[in-house]
Amino acid sequence: MGEFSPYVDNGGTTLAIAGPDFVVIAGDTRLSTGYSILSRDVSKLFKYSDSIVMASSGMQADIAELRKQLLFTIEEYRVDNERDIELDAFYRLLATVLYGKRFFPYYSFNILAGISKEGKGVVYSYDAIGSADARTYGAAGSGQELVISILDAALKRKPDPLSIDEAIELGKSALKQATEREIHTGDSGEMYIIRAGRPAEYITFKLRKD
Amino acid sequence: MTLSGGSIIAIKYKGGVMMTADTLLSFGRMARYRGFSRIRSFGDNTLISFTGDHADFTTLMEEMEKEIEHDVQQDDGVVLNASEIHTLLTRILYHHRSDMKPKWTYLIVAGSDKDGKSFLGYIDLYGTHFECDYTATGYAEDLALPMIRREWNPEITEDQAAALLQKCVKVCVARDCKQSSDIQFAKVSETGTSLSRPVKIDCDWSVASYKEIE
Amino acid sequence: MFLSRSDYDRGVNTFSPEGRILQVEYAIEAIKIGATAIGIQVEDGVVLAVEKRISSKLEETKIDDKIVEIDYHLFCTFSGLSADARTLVDHGRVAAQDHRFLYDEPVPPRSLTQSISDQALLFGEEGAKRRLARPYGVALLIGGYDDKKGFVLFHNDPSGTFCQTCARAIGRGGDTAQQMLTDSLKGRLGRGVATDEEDSEDDDLRGTRFRVPPGPVTLETATKLTVYVLKRVMEEKISKDNISLCILRKKTADEHKDAKVCESTGERVTFMKSDSVIIERFDAEKIQAIIDSLEHGE
C-alpha cells in the first residue's frame, strides 16, 4: 500500500462580483469524489455576518474545519474586543489562519465577499495557503477557468458601472455555463446578495443535475 | 490485507430510516467470515454501519463507547442523538486523517435529530460528511443509488422502502462479486431501532452455465 | 501554620481572615510612594503627565522614558517600580503587535488594557517560568484611540483591576491631585456633563480649582490642567526638567501629507492603519512655555 494521501478533491465552483455598493457571491451545491456525486445539496457558502460571506471549494472536510476555526476565532474576537469583526480584519484573519497551516494546508480555495468600512463592495480571493488580494470579481474551484473567462469578457472593459441586477444575472449565468462543460459543478446554485447596511439576501437557482 | 465489509444502502421513509448491509467480512477476495452484522445499534435510537476496514471500525466504536459511557454515568437522561453522533464521528475521523492515520471506513449514521426528525448521514475516512435522504457506499454507490434516485420520494412508506431496498440489494448480489446474499435489514424510527436476522436474497442462478457442466 | 495574624501578609496565595490578599494591597501602597502621574481624556485627545524625580544634579534629564509608546495609537505612563512597568509595557507591545498580525488593525485600547491586566495578575510562588513571585508594584495610565469609541483613558493597578476614566491621578500626590481634577472638571467631563455645573467658591478659596474655560474641554486646557495640578502636588519645584508630558491627538492635515509616498506609483502609502492619530512628546521648551503661562496667565 502506498503512502496515504490526506487530500480529496470534492470539486465545485464559486464566484463573486463586486459593485460600487454591493457584492454578490455564489456557488454550486454538488459534492463529488472522482466520477461519483456524493451529494447534490452541500453548501459552499458560509455567512459570518450580514456583510461577510465566504465561498469555499476544494476538500469539504478541510473546509468544514476551516469554518469551525474561523467561527471560534471571531467569537473570541467579539468577546475580547466587544465588537463584531469587520471585513478588513476578517480578510487578514483568514490569510493568517490559512498560512498557519502552511506545511499541512487546508485544501480549500476561498473567496471572501463583503462590504468595506467605506461602504464599498469588495471581493478577496485566496489561494490554499493564504496569499490573497482584493479584486472586483473572482472565481475559484473546478470551474474556475471557465467562469473567470466569462467574467473577464463581461466585466473587464465594461464602460458603464455594474448594476446589482446585472451582477446577479451574470453570476447565475456564469455558473450555469460552467455546469454545461464541467462535470464536478452542478445540481443547484445559491447566492448571497450583500448590500451596505442591509441584511444579506439569499437566493437559490437550479443547475443541470447531469 | 485486512478484513473488510462491502456495500451499505440506506434510505429515509415516512416515519424513519431503513438500511441494509450484507453479513460478510472479506479478506481480499476471500469470503472470510459469514454471518457478521455490519450494522450496529448505538444507544436506543441510532444505527451505525460501515464499509471498509473492520478493525478500524471496531476501534472507532470503542472510542465512541467511551463517549457514550460518559452519558450513561451522568445519568441525567440526556443522550446523544444520531445527528450529534454523526458530528462526533466526523470529528474523530477528520482527526485521524489529519494525524495521517486514517480509519479506513465509510460510515452511515441513521436515527433522529434534536427535533425528532429522521436523520441520515454519511462520513468517510477523510472527514467528508453530509446529511441526505438516501445514500449508499461501496459498489452500491454505483449500482443502487441510480435506482433509488429514480424511485424515491419523501412520502415513501415503510413497505415501499423495504421493497426498494430489496430490489437494490438484488442487483448488488448479481453484480458485485463480493456481495453476499445473506442480507440484514435494519430500521430506526420513533419506536427505536430494530435489526432483522440475516435473510437470504432469492437470486436465480439457473441461467448460469456451471449447472449444465455439473 | 500561621502563628500570628501578621503572617498572612507573607504569601501571595493566602487570604487573610478578613478576606484580603495583603501583598496585593502592599503593592498598591508602593504606588503611593511613586512619582505622581496624571492622565486626562477629552473629546479631541488624551494627555499624560508625570513627575520625573531627579536624584542628582549630574543626572541627564533629557532622557524621557516615563511616558512610553505601546503602539502608534497607544501610550502609557506609570507610578511605582519602573522596572515592573517596563515588563508590563513590553507585554502590551507584544499584544498590540499580535493583534495587528492577526487582524491587520490597531488593537482596541480596552482589549490591550485587559491583556496587560491579565499579565499583572500572573504572579505567584509556583507555576510557569518567568512568572513574578510578587505582584507588580506599578499602576498604569494607558491612553489610546479607538476607531469606534474615540479617545480613551484606562487605569490599571497591581490587583489586575482596570477601569476606564476621563481623569485620573496616581502616585505620591495622587489623592490630592485627583481631588483637584475632580474639582476642576466636575460637570465638564465624564458623567453629568453640563448638569451640575456649579461655581463653588470654596474650591476656589482652597486654590485647588483650575478655571476651565467654558465650552468643551480642549486638549490644550487639559494639558495645562495636568501641569497646574502637578505644580501643586509635587514636592520639588516644577521645572521643564522634572516633568514629562505627552499628548495623543488627531493628526493635522500637514502631518497626513507626510505619510510615505510609494516611489513607483506615487500613491500615498498608509503603512499602518489608524495612523490618523499621533503621539506628541513635549520638549523642555514647550513644557517651560506652559509653566510660564500658568505663572503669568490666569
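Residues numbered from 1 in each chain as written. Chains lettered and ligands numbered in written order. Predicted model: local features only at pLDDT ≥ 70, side-chain atom pairs only at ≥ 80, totals over all residues. Heavy atoms only, no water.

With an unreviewed UniProt entry as reference, chain C is termed Proteasome subunit alpha type, source organism Aduncisulcus paluster. What the UniProt record of chain C gives under Subunit (unreviewed entry) is the line "The 26S proteasome consists of a 20S proteasome core and two 19S regulatory subunits." (UniProt positions renumbered as here; feature names shortened; annotations may be inferred.)

Labelled according to an unreviewed UniProt entry, chain A appears under the name Proteasome subunit beta, originating from Aduncisulcus paluster. Here chain A is described in UniProt, under the heading Subunit (unreviewed entry), as follows: "Component of the proteasome complex." UniProt, in the comment section headed Function (unreviewed entry), describes chain A in these words: "Component of the proteasome, a multicatalytic proteinase complex which is characterized by its ability to cleave peptides with Arg, Phe, Tyr, Leu, and Glu adjacent to the leaving group at neutral or slightly basic pH. The proteasome has an ATP-dependent proteolytic activity."

Here we come to the side chain of T23 of chain B. Residues and elements named next belong to chain B. Assignment of secondary structure puts T23 in the loop between β3 (16–22) and β4 (25–27). The class of T23 is buried, set by a relative accessible area of 2%. Setting aside its immediate chain neighbours within four residues, T23 contacts Y33, R34, G35, F36, S180, D182, Q184 and P198. (Helix = DSSP H or I, 4+ residues; strand = E, 2+ residues; numbered from the N terminus. Buried < 20%, exposed > 50% of the residue type's maximum accessible area, 1.4 Å probe, protein only. Contact = heavy atoms within 4.5 Å.)

Here the focus is the interface of chain A and chain C. Every contact between the two is made by 13 residues of chain A and, on the other side, 14 residues of chain C. Summing both partners gives a buried area of about 1,300 Å² for chain A against chain C, and 45% of it is carried by carbon and sulfur. Summed over the shared surface of chain A and chain C, the result is 5 salt bridges. In this structure, the salt-bridge partner of E86 of chain A is K148 of chain C, at a minimum N-O distance of 2.7 Å. Taken together, the links from chain A to chain C amount to 8 residue pairs in polar contact (both at pLDDT 80 or more). For the side of chain A that touches chain C, the element with the most residues is helix α2 (residues 87–99) of chain A, which contributes 5 residues. Of the residues that constitute the side of chain A that touches chain C, the class distribution is 4 nonpolar, 3 polar and 6 charged. (Buried area = accessible area lost by both parts, 1.4 Å probe. Salt bridge = Lys/Arg side-chain N within 4 Å of Asp/Glu carboxyl O. Polar contact = N/O pair within 3.5 Å; in protein donor to acceptor, adjacent residues only side chain to side chain. Nonpolar A, V, L, I, M, F, W, Y, C, P; charged D, E, K, R; others polar.)

The next point concerns the packing of helix α1 (residues 54–74) of chain B against helix α2 (residues 82–98) of chain B. Residues and elements named next belong to chain B. Look at α1 against α2: their axes get within 11 Å of each other, and the N-to-C directions meet at 130 degrees. Regarding the angle of α1 to α2, the classification is oblique. As for how α1 packs across α2, the hand of that crossing is right-handed. Each of L60, M61, E63, M64 and E67 in α1 lies in contact with α2, whose residues at this interface are I85, L88, L89, I92, L93 and H96. When the residues that make up the contact of α1 with α2 are grouped by side-chain class, the tally is 8 nonpolar, 1 polar and 2 charged. (Axes fitted to C-alpha atoms, helices over the stretch in contact; angles between N-to-C directions. Parallel < 35°, antiparallel > 145°, perpendicular 65-115°, else oblique. Left-handed = near helix turned anticlockwise from the far one by under 90°.)

Okay, the interface of chain A and chain B next. With 23 residues of chain A at the interface, the matching set in chain B holds 16 residues. The contact between chain A and chain B buries some 1,800 Å² in all, and 59% of this surface belongs to carbon and sulfur atoms. Area buried by chain A at its contact with chain B is led by F4, L38 and F104 of chain A, which between them contribute 32% of it. Taken together, chain A and chain B are joined by 2 salt bridges. Here D62 of chain A ties to R97 of chain B by a salt bridge, and the two come within 2.8 Å at their closest N and O atoms. For the pair chain A and chain B, the number of links is 6 residue pairs in polar contact (both at pLDDT 80 or more). Elements that contribute at least two residues to the side of chain A that touches chain B include exactly β4 (36–39) and α1 (60–81) of chain A. It is α1 of chain A that contributes the most residues to the side of chain A that touches chain B, 6 residues altogether.

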